[in-house]
Amino acid sequence: MRTERVSRDALRPTDRLTETTMKYALDTAHEQIQNILESATGSSSFEMKTPPPNVEADIAVPMFRLAKEKKENPVALAQRLAGEISLEGTLLCDATVTGGFLNFKLATGPFLDRVFADFSARGESFGGSEQGDGKTIVVDFSSPNIAKPFSVGHLRSTVIGHSIVKIYRFLGYTVVGDNHIGDWGTQFGKLMLAFELWGDRETVAANPIRELLDLYVRYHDEAESDPALDEQARSWFRRLEEGDPKARETWRWFREVSWEEFDRIYRLLGVEFEEVLGESFYNDQLDQVVEQAFQSGLAEWGEIEARGGKEGEGEDSPEAMEKVALIHLRDHGIETPLLIQKSDGTSLYATRDLATIRHRIETWAPEAIIYVVGGEQKLYFQQVFKAAELLGLEANCVHVPFGLIRLPKGKMSTRKGRVIFLEDVLEEAVRRAEAVLEERDLSDEEKTEIARIVGIGAVKYADLSQTRTKDVLFDWEKMLNMQGDSAPYLQYAYVRIQSILRKAAGMPRGQAVSSPRSLGHPQELTLVKTLAGFPGTVRAAATGYTPHVIAGYLISLARDFSSFYNQVPVLKAETPELAATRLELCRRTAQVLEKGLDLLGIECPERM
RNA sequence: GCACCCGUAGCUCAGCUGGAUAGAGCGACGGCCUCCGGAGCCGUAGGUCAGAGGUUCGAAUCCUCUCGGGUGCACCA
């Protein structure tokens, strides 16, 4: 909890932008209001709000708090200020008062000039910044378990993490995306045992993930009636960790065939990683972690009830106690101790994570390490982060949790084989996109590629458009939705603009030059104001690790564009100058749509 | 039992770290292709923001309690 707050502060984009950071139109407008009000009242720090639609203004400043301080009536204070201040030479005009709010309007001419100037100055990087220059962050995401299917559950970590990587990179950070593959641990003991008992090399080779899943499910079925299996499974893992050749060979093979499947899915999704180290990478550092924990006096041997009796809880049977290495965290507000070595001497998830933190610090010296992992691991990460801190591993570790995906019938369970394969969903999405493309005049090759972009985009968007922390109900229709609040809707807006631009390129035009101030139609102004909101949206998404604010922003941008498109002619504008300006407006809109989608990890086709 | 997440329109969700008449999409109903692509646009209907208290100029938003759903709580990851 505390860790998270500290880290967020460390990464929070500065509200007051420094000299070296690019200021955008709205940043300047806010700053101007701030300065004007500050010199008029002597008070600093005013809140800037967006007024509701029924109020004709662009920026609202509530005066209630200041009124209270000054023991003045808010309305009277606002009116007095409105009369006193001068907006000469700013991006603002017209300070009015409603209720206790001091409302400002953007001065159309200067504002239009400024937004267009911002676009020219920043080019393709409009919306980005340099605030992260010289800083590195590590993002731990996706991290599927080898030999288990890539389910729709893994989609969340993958797409949210990928988006966070892109967003921070756009803000100037050096970002290391690390896929911390789950390729080590007791589960491999289970799998090796199951494979030895019931497996068949050729069957597995033919369809690795699904066969291995079957073995895994069967293992859990049988283990329920035969607890001895668990003992054997643990022993297999011990052999693996000790370097037994046969165990290693089998493990390596599982890993290899699994990775082939993962790789295929990542390629389909268009997701890449800077590192794919995996848990096994840290195997030779685990003893050191445990040793160090003991040396520093942090870890101690603890006794724990021996395994065996489950559910029944035979309290009268004097179960033998076994020794495990653990770290107590009670003094730090965490009741549950963290286990770092099992009674048979093998390692745990936590052991590997501690080694991982150290490796990341030594390798990248990151500002922060961001873990995009399900919310059910919240307590676990509190433990690990605290333990790391106590071990002297200085790192801003941030757990970015997300809600789990629930099926209409209940939660997914790998052990019970109740999963929806991500690949099935992706294939279905691509099929549906293909169906729509059927009637388009495009080559088969183009159709295939576009269907991929549109279908995959729809699935990613369905996830990214929702608040990260909430559980999501898996719904085929929503996942495959291509209308309204969806990626294809955004892509479609982009494609229509491309279509206009292509036509414009083929038209003989005069020397008409774009001139921002020729714009004036309400739909145009709305569109420009929305475009000006992009940089702030990106910063907000970064601060809260919330890609969905970008998704929401893009939807309103696309809607603004669609309204504009329906009411305002571009190529047939009244004058060549206006046509040129509207074309530029279109081009900028397309640019932001494409960039925004890119920040969500979604591609844009040129036609669809 | 304790802790954390969540409860907003028939359904799926927004609501920007308390603000002025709570917004979209889907579904329903009604309009819009002589004009830059209808995966689109415009409009109508639909809400006691789970419930009850509290904090204050102001609460969907913050606090408390109740109800309902989810998750976690030492040798899985």
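For the structure itself, look to the data block above.
Undergrad: Would you explain the sheet that holds strand β4 (residues 136-140) in this entry?
TA: For sheets, the rule is that strands pair by backbone hydrogen bonds, running either parallel or antiparallel. A sheet is described by the order of its strands in space; here four strands give the open sequence β5-β4-β9-β10, paired in parallel fashion. Strand pairing shows two members of the sheet lacking a second neighbour, β5 (174-178) and β10 (397-400), which therefore form its edges. Strand-to-strand twist in this sheet, taken as the mean axis angle between neighbours without regard to direction, amounts to 20°. Pairing of strand β9 (residues 368-372) with β10, which is carried by four bridges, proceeds in the parallel orientation. Within the sheet, the bridge partner assigned to I370 lies in β10 and is V398. Sheet strands touched by helix α13 (residues 349-364): β4, β5, β9 and β10. Its angle to β9, the strand with the most contacts, is close to 140°.

Undergrad: It is not clear to me how the packing of helix α5 (residues 108-122) against helix α22 (residues 576-599) should be interpreted in this structure. Could you clarify?
TA: The relative placement of two packed helices comes down to the angle between their axes together with the axis-to-axis distance. For the pair α5 and α22, the least separation of the axes is 12 Å and the interaxial angle reads 55°. Relative to α22, the element α5 is oriented oblique. Helix-helix and strand crossings are classified by hand; for α5 and α22 the assignment is left-handed. Of α22, the residues touching α5 (which contributes F116, F119 and S120) are T581, E584, R588, Q591 and V592. For the contact of α5 with α22, the class distribution of residues is three nonpolar, three polar and two charged.

Undergrad: Is there a simple way to think about helix α7 (residues 186-198) in this case?
TA: Helical geometry: 3.6 residues make up each α-helical turn, so side chains three or four residues apart lie on a common side. Here α7 contains 13 residues, and its C-alpha end-to-end distance of 18 Å stays within 8% of the 18 Å for a straight helix at 1.5 Å per residue. The secondary structure elements touched by the buried residues of α7 are α8 (201-206), α9 (208-225), α10 (228-242) and α11 (245-269).

Undergrad: What's the story with the packing of aromatic side chains in this structure? I'm lost.
TA: Where two aromatic rings form a pair, the distance of their centres and the angle of their planes describe that pair. This structure, assessed with the given rule, holds 28 aromatic pairs. Between Y349 and Y380, the aromatic rings sit 4.6 Å apart at their centres with planes inclined by 15°, giving stacked as the arrangement. Note that Y349 is positioned in helix α13 and Y380 in helix α14 (residues 378-390), a separation of 31 residues in sequence. Its relative accessible area of 13% is what places Y380 among the buried residues. Taking the centre distance of 5.2 Å and the plane angle of 65° together, the rings of Y380 and F381 count as edge-to-face. Overall, F381 belongs to the buried group, its relative accessible area being 2%. Among the aromatic residues, those joined into a cluster by ring pairs are F141, F150, W259, F262, Y266 and F273. The lysine or arginine in question, R210, covers the ring of F421, its NZ or CZ lying 3.9 Å from the ring centre. Note that R496 overlies the ring of Y565, its terminal NZ or CZ placed 4.2 Å from the centroid.

Undergrad: Before we go on, may I ask you to explain the protein's contact with RNA strand B in this structure?
TA: What surrounds RNA strand B is a group of 74 residues, the closest being K342, R440, T467, Y492 and V568. Across the atoms of RNA strand B situated within 4 Å of the protein, the share located in sugar and phosphate is 58%. Between a sugar or linking oxygen of RNA strand B and a side-chain N or O atom of N145, the distance comes to 3.3 Å. Here the residues of the surface near RNA strand B are counted per class, giving 32 nonpolar, 21 polar and 21 charged.

Undergrad: Could you clarify how one ought to interpret the pattern of salt bridges in this entry?
TA: If charged atoms from side chains of opposite charge come close, those side chains can pair. Applying the stated criterion to the full structure yields 39 salt bridges. The residue R80 makes a salt bridge to E84 at a minimum N-O spacing of 3.0 Å. Residue R80 and its partner E84 are both found in helix α4 (residues 74-84); the two are separated by four residues, about one turn of the helix. Where salt bridges share partners, they join E428, R431, R432 and E477 into one cluster.

Undergrad: Looking at this structure, I do not really get the sheet that holds strand β7 (residues 321-327). What am I missing?
TA: Taken in spatial order, the three strands make up an open sheet running β6-β7-β8, and their pairing is antiparallel. In the strand order of this sheet, the two ends are held by β6 (299-305) and β8 (338-341), each with one partner. With direction set aside, neighbouring strand axes in the sheet form an average angle of 55°. Judged from the seven bridges that link them, β6 and β7 form a sheet pairing that is antiparallel. Directly across from E305, in β7, lies its bridge partner M321. Where helix α12 (residues 286-295) meets the sheet, its contacts fall on β6, β7 and β8, and the angle it forms with β6 comes to roughly 105°.

What counts as what
- Residues numbered from 1 in each chain as written.
- Chains lettered and ligands numbered in written order.
- Predicted model: local features only at pLDDT ≥ 70, side-chain atom pairs only at ≥ 80, totals over all residues.
- Heavy atoms only, no water.
- Pairing = 2+ DSSP bridges.
- Helix = DSSP H or I, 4+ residues; strand = E, 2+ residues; numbered from the N terminus.
- Axes fitted to C-alpha atoms, helices over the stretch in contact; angles between N-to-C directions.
- Contact = heavy atoms within 4.5 Å.
- Parallel < 35°, antiparallel > 145°, perpendicular 65-115°, else oblique.
- Left-handed = near helix turned anticlockwise from the far one by under 90°.
- Nonpolar A, V, L, I, M, F, W, Y, C, P; charged D, E, K, R; others polar.
- Expected span 1.5 Å × (residues − 1).
- Phe/Tyr/Trp six-rings, centres within 6.5 Å; stacked < 30°, edge-to-face > 60°.
- Buried < 20%, exposed > 50% of the residue type's maximum accessible area, 1.4 Å probe, protein only.
- Lys NZ or Arg CZ within 6 Å of the ring centre and 35° of its normal.
- Near = heavy atom within 4 Å.
- Polar contact = N/O pair within 3.5 Å; in protein donor to acceptor, adjacent residues only side chain to side chain.
- Salt bridge = Lys/Arg side-chain N within 4 Å of Asp/Glu carboxyl O.

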